[in-house]
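Commentary on secondary and tertiary structure
Listed below, chain by chain, are the residues.
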Amino acid sequence: MTNVKIKWLIYTVLVGLIPVLSRVLIWFISQKRTMDLLNAADFVAFGLILHISNINEIEHFNDSSKPWKTLHNGISIAFISFYSVLFACSLLGQSNPGLISVRSITYCSICLSFVSFLISFSVYNRISKIESV
C-alpha cells in the first residue's frame, strides 16, 4: 500500500469510525445494554468525514483532469446532502417514536457509509497512483 492510502486509512477511516467503535465497545462492556448497538448518527458522522476528506484532498490535488475533480466534488456534496437528511430523520425518529423507523434510517446510513467508503477509496486510489508516478 502506498503512503497516501495508509494515511487515509489511519487519519480518515479509523478516526471516522471512532463513534461506531466507541458505541460497540460500550455496548459490549455495559451490564444492561440499554442502548442500541448501531446508531444512524455514528454512520452519518463516518460518511461526512469521508466526503469532507474527499473534497479537501481533491481541492489540493494538482491533476489536469478538471472534469474528474468536479464530478467527485459534486458526488461528495450530494452525499453530504443525503447524510444531512438522514441525520434529520434520525433525530425526528428518536424524538417522535413511531413517526419514522429508526431501524430503517440506521440501515440506510450503514449502506450509504459503505458506498461512501468505496467512493473515498477510489479517490485516494487515483491520487496515490498519480502521486507515485
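Rules used throughout
- Residues numbered from 1 in each chain as written.
- Predicted model: local features only at pLDDT ≥ 70, side-chain atom pairs only at ≥ 80, totals over all residues.
- Heavy atoms only, no water.
- Helix = DSSP H or I, 4+ residues; strand = E, 2+ residues; numbered from the N terminus.
- Buried < 20%, exposed > 50% of the residue type's maximum accessible area, 1.4 Å probe, protein only.
- Phe/Tyr/Trp six-rings, centres within 6.5 Å; stacked < 30°, edge-to-face > 60°.
- Axes fitted to C-alpha atoms, helices over the stretch in contact; angles between N-to-C directions.
- Parallel < 35°, antiparallel > 145°, perpendicular 65-115°, else oblique.
- Contact = heavy atoms within 4.5 Å.
- Nonpolar A, V, L, I, M, F, W, Y, C, P; charged D, E, K, R; others polar.
- Core = buried A, V, L, I, M, F, W, Y, C linked by side-chain atoms within 4.5 Å.
- 1 Å grid on protein atoms, 1.4 Å probe; cavity = no way out; pocket = protein on both sides within 12 Å on 5 of 7 lines; lining within 4 Å.
- Points joined across faces, edges and corners; volume = space filled by probe spheres on them.

1. A few points about the environment of Phe 114
By the element assignment, Phe 114 lies in helix H5 (residues 102-131). Look at Phe 114 and you get exposed, because its relative accessible area is 52%. When the C-alpha positions of Phe 114 and Asn 125 are compared, they lie 16 Å apart, and in sequence the two are 11 residues distant.

2. Topic: the packing of aromatic side chains
Throughout the structure, instances matching the rule amount to 5 aromatic pairs. Here Trp 8 and Phe 121 contribute two aromatic rings whose centre-to-centre distance is 5.9 Å and whose plane-to-plane angle is 55°, an arrangement assigned as tilted. Remark: Phe 121 occurs in helix H5 and Trp 8 occurs in helix H1 (residues 3-16); sequence separation between them is 113 residues. Take Phe 121: its relative accessible area is 35%, and that puts it in the partly exposed class. With a centroid separation of 5.6 Å and an interplanar angle of 25°, the aromatic rings of Trp 8 and Tyr 124 are classed as stacked.

3. Side note on the packing of H1 against helix H3 (residues 40-59)
At a minimum axis distance of 8 Å, the contact between H1 and H3 shows a crossing angle of 150°. For the element pair H1 / H3, the angle class is roughly antiparallel. When H1 is examined against H3, the residues Trp 8, Thr 12, Val 13 and Gly 16 are found in contact with a partner set consisting of Phe 46, Ile 49, Leu 50 and Ser 53. Along the lines of polarity and charge, the residues of the contact of H1 with H3 split into 5 nonpolar, 3 polar and no charged.

4. Section: the nonpolar core
By size, the foremost hydrophobic cluster in this structure holds 11 residues: Val 4, Trp 8, Val 13, Phe 46, Leu 50, Ile 58, Phe 61, Trp 68, Val 123, Tyr 124 and Ile 127. Those elements giving two or more residues to this core turn out to be H1, H3 and H5. In this structure, Phe 79, Leu 86, Leu 112 and Ile 119 belong to the second largest nonpolar core, which totals 8 residues.

5. What about the layout of surface pockets?
Put simply, the largest pocket is a space of about 220 Å³. For the lining of the largest pocket, a count of residues per class yields 5 nonpolar, 3 polar and 2 charged.

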